[in-house]
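# Analysis of the macromolecular model
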Amino acid sequence: LLAAGGRVLTMATKTPSRVAVIGCGWWSQGWHLPHLAANAPHVVIAAIVDPSPLPISTLSSSPLLSLVELSKKYNCPHYNSVEDMLADPEVGPTLDGAIVATSHASHFQVGMALLKEGVHRRSMAEAIEKEQGGSDSVVDAGKKRSRPQSIHRALHILMEKPMTCSVDEALEMSKMSMTYPEGAFVINHTASYRPQTFVAKEIISSGQLGEIRHITATMNGGLMWLFDDKKNESWVSKTPWQKGEDNKTPMNGNGYAWGQLAHILAWIYAVLGADDVAVPKKVFCTMTHAPNTGADISLAAVITCSDGITFSISGTALLPGSQYADPPIGKRINVEIFGTEGCLLWGGDDRIPETGKLELRRSAPGKKEDGQSEFPCSQGDAANELKDGFYFEDGDQDGKGPGSMKMFLDACNSSAAKSLAFESEESTATLVDESEPTPLANDSLIGLRTVQIIDAMYKSSISGNAVDVQ
C-alpha cells in the first residue's frame, strides 16, 4: 500500500500538505485536529468547517471550542459550509486533503463535493495541457523527466464511518471515487489499518486458507450510556443531521449497527480483499431496542452471499461498563474466517492486547500439523516489526494518529510534493521511477459492502423477513 502512488520524489524544497477538517465536533476536537497538529511541520491545518459556529456534543465532558476559538488555536480560517471553503481562491485550490467528520447523514453531500472538486482540478489541468499542445518534458539538473498527462494538485479524502447511511448514496459515491483514482479515499475504520490486519489480508490473498466458505463475527460493547440517551441524537435518531442540512431521507434505523458493527464488517471485507468474495445477496436480522431511545442495542444476522459463503454476525451494547470509565472496560470482539484449507481466528478485549493473537490453523488431515495453532504475528519478520496481541480500533488521542490517518497523510504529502515539483519553476525536485504508479488507497467498496449489509439488517428487522441486499 504505497500512498505515494509508486513514485519517488526527492525534493530540495519542503512543502507541507494542506488539510481541511470538515465537521468540528467531539471527535475532531479530541482526535483529528490534535493528530494533524502533531504532524507539523509536514502538515498544515488549512481550514475548519462546521455549519454551527458553536459545535456541541453530549459526549464531551467539557464544552467544545467555538469555530472562532478553533480558528485562533490552529491559525486557520473557518467556514460554515464545504462549498464556501472550496470557493475561497486562497484555500479551495490549495488543499491536498480533507477529513470528513460531519453527521453520518451528511457524508454523501460533503464527500461528493470534494470528489467533484478533485475531478474539476483534473479537467482544468487537461484543458491547460491540451491548450499547450499536450505533455512535455522538463530538464532538471541535466536529467530529463517526463511530465505525465493532467498533472494537478490531487485532493485526498479521509471519511469517517459509515461512508453513508443510504445504499443509493454509497453506490454513487463509490462509483465517483473510482473515476478519480488520483485521490486517495480512506474510510476511518482504524482497525482496518492495524499491522495485524495487513498480515491477515496477506494470509487470505496468498491462498493459505483455500476457498473461503464460512465467516462468523461478534462485537459486544458497554455502550448503553450512548444508545439509550436521547441527548445523543446523532447516534440514536433516524434523522441525525444537524440544523441546516436539508434534503435528507430518514434512515431505516439507527443505533448499534451503524455505530459499531460498521467497524467489524469493514475489517472483514478489508482482509477478504477481493471484490467478488462474500458479496452479500440476502440478509435476515433480528434486533432489540433501547427502552428510552428506540435505537437498536442487540442484533443477530445471517448473510447469504452470492458465492455460497455462509456468514453470521451479532453484537450488543449490553456489556457492563464503558471504555471511557476508570478503569476502562473494553469491547469484546471475535472474528473467525474458515476456508477449505484452514481458518483464521482473531479476537479478544480491545483494551487488553494480551487477551488475543492472530491465529492461523491449517487443514492437513493425517499430518501432525493438522489443526495446530500458528501465530503469524509472532513468527519470522513480523515478530520483529510489530507487537503481537489483540489490537482493533485505535482511539489513542496521543501521537500522530491511527494507521488510517497516516495512509491519508502519506497521500496528501505526496500530492503536495508533486504539485511543487511540477508547478514551481524554482523547485529542484526531480521525479525518479517512471513505472506504473501503484493505486492509492480506496476504501469505497469496503464502505459500500458495510452500508449494503447494515441497511438490509434494518429492513429485515422491520419486515421480519429475509430481504434482498440492494
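The structure displayed is predicted, hence computed values, not measured ones. (Residues numbered from 1 in each chain as written. Predicted model: local features only at pLDDT ≥ 70, side-chain atom pairs only at ≥ 80, totals over all residues. Heavy atoms only, no water.)

### A short note on the overall build of the chain
- Within the chain one finds twelve helices and 19 strands.
- Here the contacts in the chain between residues at least 6 apart in sequence split such that 73% fall between residues at least 24 apart. (Helix = DSSP H or I, 4+ residues; strand = E, 2+ residues; numbered from the N terminus. Contact = heavy atoms within 4.5 Å.)

### Topic: helix α12 (residues 444-463)
- Between its first and last C-alpha, α12 extends 28 Å over 20 residues, near the 28 Å set by a 1.5 Å rise per residue.
- Summarising burial for α12: 16 of the 20 residues are buried, a large majority.
- Note on α12: the residue one or two positions beyond its end, Gly464, has a positive phi of about 80°. (Expected span 1.5 Å × (residues − 1). Buried < 20%, exposed > 50% of the residue type's maximum accessible area, 1.4 Å probe, protein only.)

### With respect to helix α9 (residues 256-272)
- With 17 residues, α9 extends 23 Å from end C-alpha to end C-alpha; this agrees with the ideal 24 Å at 1.5 Å per step.
- At Ala262, α9 shows its largest kink, close to 40°.
- Along α9, 17 of the 17 residues are buried, which leaves the element largely enclosed by surrounding structure.
- Gly273 sits one or two positions beyond α9 and adopts a positive phi of about 75°. (Bend = angle between axes of the 7 residues up to and from the residue.)

### Here's the deal with the packing of aromatic side chains
- In the structure shown here, the tally under the stated rule is 13 aromatic pairs.
- Seen in terms of ring centroids, Trp258 and Tyr458 are 6.2 Å apart; in terms of plane orientation they differ by 25°. Their pairing is stacked. With Trp258 in helix α9 and Tyr458 in helix α12, this residue pair connects regions lying 200 residues apart in the sequence.
- Classification of Trp258 by relative accessible area gives buried; the value is 2%. (Phe/Tyr/Trp six-rings, centres within 6.5 Å; stacked < 30°, edge-to-face > 60°.)

### A word on the nonpolar core
- With 103 residues, the main nonpolar core has Met85, Leu114, Trp267, Phe311, Ile313 and Met457 as its most contacted residues.
- Looking at this core element by element, the count peaks at 14 residues for α9.
- Among the nonpolar cores identified, the runner-up in size contains 25 residues, and Leu36, Ala184, Val186 and Tyr193 belong to it. (Core = buried A, V, L, I, M, F, W, Y, C linked by side-chain atoms within 4.5 Å.)

### Section: the sheet that holds strand β2 (residues 17-22)
- Taken together, the six strands give an open sheet; going across it, the order is β4-β3-β2-β5-β8-β9, and neighbouring strands pair in parallel fashion. Each having just a single partner strand, β4 (78-79) and β9 (185-187) make up the two edges of the open sheet.
- Strand direction decides the pairing type here: strand β8 (residues 156-159) and β9, joined by three bridges, are parallel. Bridge pairing in β9 places Ile157 opposite Phe185.
- Its contacts with the sheet place helix α1 (residues 26-38) against β2, β3 (43-49) and β5 (97-100), and it is angled at close to 150° to β3. (Pairing = 2+ DSSP bridges. Axes fitted to C-alpha atoms, helices over the stretch in contact; angles between N-to-C directions.)

### Describing the pattern of salt bridges
- Applying the stated rule across the entire model yields eleven salt bridges.
- Put simply, Arg153 and Asp96 hold a salt bridge, and the shortest N to O gap is 2.7 Å. Of this pair, Arg153 sits in the loop between β7 (143-146) and β8 while Asp96 sits in the loop between α3 (82-87) and β5, and the two are 57 residues apart along the sequence. Here Arg153 and Asp96 have matching classes, each one buried.
- The partner of Arg194 in a salt bridge is Asp394, and the shortest N-O contact between them spans 3.9 Å. Of the two residues, Arg194 sits in the loop between β9 and α6 (195-205) while Asp394 sits in the loop between α10 (380-385) and α11 (403-423), which places them 200 residues apart along the sequence. (Salt bridge = Lys/Arg side-chain N within 4 Å of Asp/Glu carboxyl O.)

### Some words on the confidence of the model for the chain
- Confidence in the prediction of the chain, expressed as mean pLDDT, is 87, and 85% of residues score 70 or more.
- Below pLDDT 50 for its whole length, residues 1-13 participates in 41 contacts with residues either more than four positions away or in separate chains.
- Every residue in residues 135-149 is under pLDDT 50, and counting partners more than four places away or in other chains gives 28 contacts. (pLDDT = per-residue confidence, 0-100.)

### Describing the packing of α6 against α9
- The interhelical angle for the contact between α6 and α9, taken along N-to-C directions, is 45°, at an axis separation of 7 Å. Put simply, α6 runs oblique to α9. Here α6 contributes Thr197, Ala200, Lys201 and Ile204 to the contact with α9, which in turn contributes Trp267, Ala270, Val271 and Leu272. (Parallel < 35°, antiparallel > 145°, perpendicular 65-115°, else oblique.)

### Remarks on the pairing of strand β11 (residues 280-289)
- In terms of strand pairing, β11 meets strand β12 (residues 296-305) through nine bridges, oriented antiparallel. Residue pairing for β12: His289 is matched across the bridge by Asp296.
- Hairpin connection from β11 to β12: six residues lie between these consecutive antiparallel strands, with Gly294 at a positive phi of about 80°.
- Where β11 meets strand β19 (residues 467-468), two bridges bridge the pair, whose relative direction is antiparallel. Along β19, the bridge assignment pairs Lys282 with Asp468.

### Comments concerning the environment of Thr179
- Position of Thr179 relative to the elements: it lies in the loop between α5 (167-178) and β9.
- What makes Thr179 partly exposed here is its relative accessible area of 38%.
- Sequence separation between Thr179 and Val119 is 60 residues, and the spatial gap between their C-alpha atoms is 8.3 Å.

### Description of the sheet that holds strand β16 (residues 359-362)
- Strand order in the open sheet made by the nine strands is β17-β16-β15-β14-β10-β13-β12-β11-β19, with mixed pairing throughout. This sheet does not close on itself; its edge strands, each paired only once, are β17 (373-374) and β19.
- Running at roughly 165° to strand β15 (residues 342-349), α6 makes contact with β10 (212-220), β14 (332-339), β15 and β16 of the sheet.
- In the packing of α9 onto the sheet, the strands contacted are β10, β11, β12, β13 (310-316), β14 and β15, and the crossing angle to β10 comes to about 145°.

### Overview of unusual backbone geometry
- Residue Pro41 is reached from Ala40 by a cis peptide bond, and omega for that bond is 5°.
- Residue Asp326 is joined to Pro327 through a cis peptide bond whose omega torsion reads 5°.
- Mapped onto the elements, Pro327 comes out in the loop between β13 and β14.
- In this structure, Asn75 is a non-glycine residue whose phi angle is positive, near 55°.
- Turning to its location among the elements, Asn75 is positioned in the loop between α2 (67-74) and β4.
- If you check the backbone angles, Ala278 has positive phi at about 55° while not being a glycine.
- Its place among the elements puts Ala278 in the loop between α9 and β11.

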